[in-house]
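# Analysis of the macromolecular model
So the chains spell out like this:
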Amino acid sequence: MVIDEWSLNSIMSDLETAYFARLNQQQPLWNTPANSIHELAISQQKNGLNPEHVQYWKNMLQGATYGLDLKKATASTAQATIEPKIEWLELKFSPLIYQRVSAFSRLHHSSIFSVIYTAIISALQKTGDLKEIVIGTSASGRTDPYFFDTVGYLTTMVAHRTQINPEQSFVQLLEKTSQMLNESMAY
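Since we're looking at a predicted model, the values are computed, not measured.

Turning our attention to the overall build of the chain. Looking only at helices and strands, the chain features seven helices and two strands. Seen in sequence order, the chain has helices and strands lined up from the N terminus as α-α-α-α-α-α-β-β-α. Counting across all 187 residues of the chain, residues that qualify as buried make up 26%. Surface exposure of the chain reaches about 14200 Å², of which carbon and sulfur atoms provide 57%.

So this is what it looks like as structure tokens:
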């Protein structure tokens, strides 16, 4: 089964209900059956593309700088061939660092995700001396409450374009990034 994080929460809740019912030699009782991912796909196909959503993303990405060239930042006088290297990076914060990042995000009316996302944008901008960057991230694909209990992979990939002014502070970039993330969720 392929699921997203939201589905994992639904499954764990259902598993808890079923487990406690079975411990008491009872059948689990469900409020209502969840709608299937197949029903969601049929509903989306029937509704087709939303022209407002398409226009939003066209406006966001049209004319964006293609590609990301960080070689300039690491290039020496001799042009070396750079091999792509793909690695997994897992950020594990100590409780103290988590508290500090969380407090910083609250102070600036943001989320921890927005702070980390902005830090990535900022680091890439400084590394490549970029004027803009397009970064992809996942977003919840659950816009219809009818499918909130559906189990499946409903994650949508989105690409955010951030135009960067090197003089702006991290807090200003965070405000801009948070606004962009929040606005794009509707599309």
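Structure's up, so let's keep going.
For helix 7 (residues 170-184), built from 15 residues, the straight-helix expectation of 21 Å at 1.5 Å per residue is met to within 8% by its first-to-last C-alpha distance of 21 Å. Listed in full, the buried residues belonging to helix 7 are L173, L174, T177, S178, M180, L181 and S184. For helix 7, the angular spread of the buried residues around the axis is 165°, confining them to a single face. Residues of helix 7 that are exposed and point more than 90 degrees away from the buried face comprise E175, Q179 and N182. Looking at the buried residues of helix 7, the elements they touch are helix 3 (51-61), helix 5 (95-107), helix 6 (112-128) and strand 2 (155-163).

Here we take up the side chain of S110. Summarising the element assignment, S110 is placed in the loop between helix 5 and helix 6. In terms of polar contacts, S110 uses its side chain to reach the side chain of S178, at 2.8 Å. Dropping the residues within four chain positions of it, S110 is found in contact with S105, V115, L174 and S178.

Along the chain, the position of Y56 falls in helix 3. The class of Y56 is buried, set by a relative accessible area of 11%. In this structure the C-alpha to C-alpha distance between Y56 and S184, which are 128 residues apart in sequence, comes to 8.3 Å. What Y56 contacts, discounting residues up to four positions off in sequence, is M180, E183, S184 and Y187. Polar side-chain contacts of Y56 include one of 3.1 Å to the side chain of E183.

Mean pLDDT over the chain: 85, with 90% of residues reaching 70 or higher. The secondary structure element of the chain with the lowest average pLDDT is helix 4 (residues 71-74), at 55, and the one with the highest is helix 5, at 95.

With that settled, consider the layout of surface pockets. Looking at the largest pocket, its volume works out to about 1300 Å³. Every residue lining the largest pocket is counted, 42 residues in all, and those nearest its centre are S140, G141, R142, T143 and T156. Of all the secondary-structure elements, those providing two or more residues to the lining of the largest pocket are helix 1 (5-23), helix 2 (37-47), helix 3, helix 6, strand 1 (132-140), strand 2 and helix 7. Counting residues per element, the lining of the largest pocket draws most heavily on helix 2, at six residues. Across the lining of the largest pocket, the residue classes tally to 17 nonpolar, 21 polar and four charged. As a volume, the second largest pocket reaches approximately 510 Å³. Residue lining of the second largest pocket: 13 residues in total, with L91, F113, I116, Y117 and I120 positioned closest to the centre. At the level of secondary structure, the elements contributing two or more residues to the lining of the second largest pocket comprise helix 6 and strand 1.

In this section: the pattern of salt bridges. Applying the stated criterion to the full structure yields one salt bridge. Between E132 and R161 there is a salt bridge, and its shortest N-O distance comes to 2.7 Å. Taken together, the positions of E132 in strand 1 and R161 in strand 2 put the pair 29 residues apart, joining distant regions of the chain. In terms of burial, E132 and R161 fall into one category: buried.

Right, let's talk about the environment of I133 for a bit. Inspection of the secondary structure assignment puts I133 in strand 1. Along the chain, I133 and I121 lie twelve residues apart, while their C-alpha atoms are 7.4 Å from each other.

The rules behind each value
Starting from 1, residues in each chain are numbered consecutively following that chain's sequence as written. Thresholds applied to this predicted model are a pLDDT of at least 70 for local features of residues and 80 or more for the giving and counting of side-chain atom pairs; totals over whole chains, interfaces and linings are not thresholded and use all residues. The basis for every side-chain value is the complete set of non-hydrogen atoms in the structure, without hydrogens or water. Secondary structure elements follow DSSP: runs of H or I no shorter than four residues count as helices, runs of E no shorter than two count as strands, and numbering proceeds from the N terminus. In this scheme, a residue with accessible area under 20% of its type's maximum is buried, one over 50% is exposed, and one in between is partly exposed, where area comes from a 1.4 Å probe on protein chains only. Accessibility throughout is a Shrake-Rupley quantity obtained with a 1.4 Å probe, and a residue counts as covered only by protein chains that appear here. A helix is expected to span 1.5 Å for every residue after the first. The arc in question is the one traced by the directions running from the helix axis out to the C-beta atoms. Only heavy atoms matter for contacts: two residues are in contact if any of them lie within 4.5 Å across the pair. Definition of a polar contact: a pair of N or O atoms within 3.5 Å, with one able to donate and the other able to accept a hydrogen when the atoms are protein atoms, and with sequence-neighbouring residues admitted only if both atoms are side-chain atoms. A residue's pLDDT is the confidence the predictor assigns to it, expressed on a 0 to 100 scale. Buried and open spaces are told apart on a 1 Å grid over the protein atoms alone, a cavity being a set of points where a 1.4 Å probe fits but cannot get out and a pocket being an open set with protein on both sides within 12 Å along at least five of seven lines. Residues with an atom within 4 Å of a point are the lining residues. Grid points are joined across faces, edges and corners, and a volume is the space filled by probe spheres set on the points. Residue polarity follows a fixed list, in which Ala, Val, Leu, Ile, Met, Phe, Trp, Tyr, Cys and Pro are nonpolar, Asp, Glu, Lys and Arg are charged, and the others, Gly among them, are polar. Should a side-chain nitrogen of Lys or Arg be within 4 Å of a carboxyl oxygen of Asp or Glu, the pair is scored as a salt bridge.

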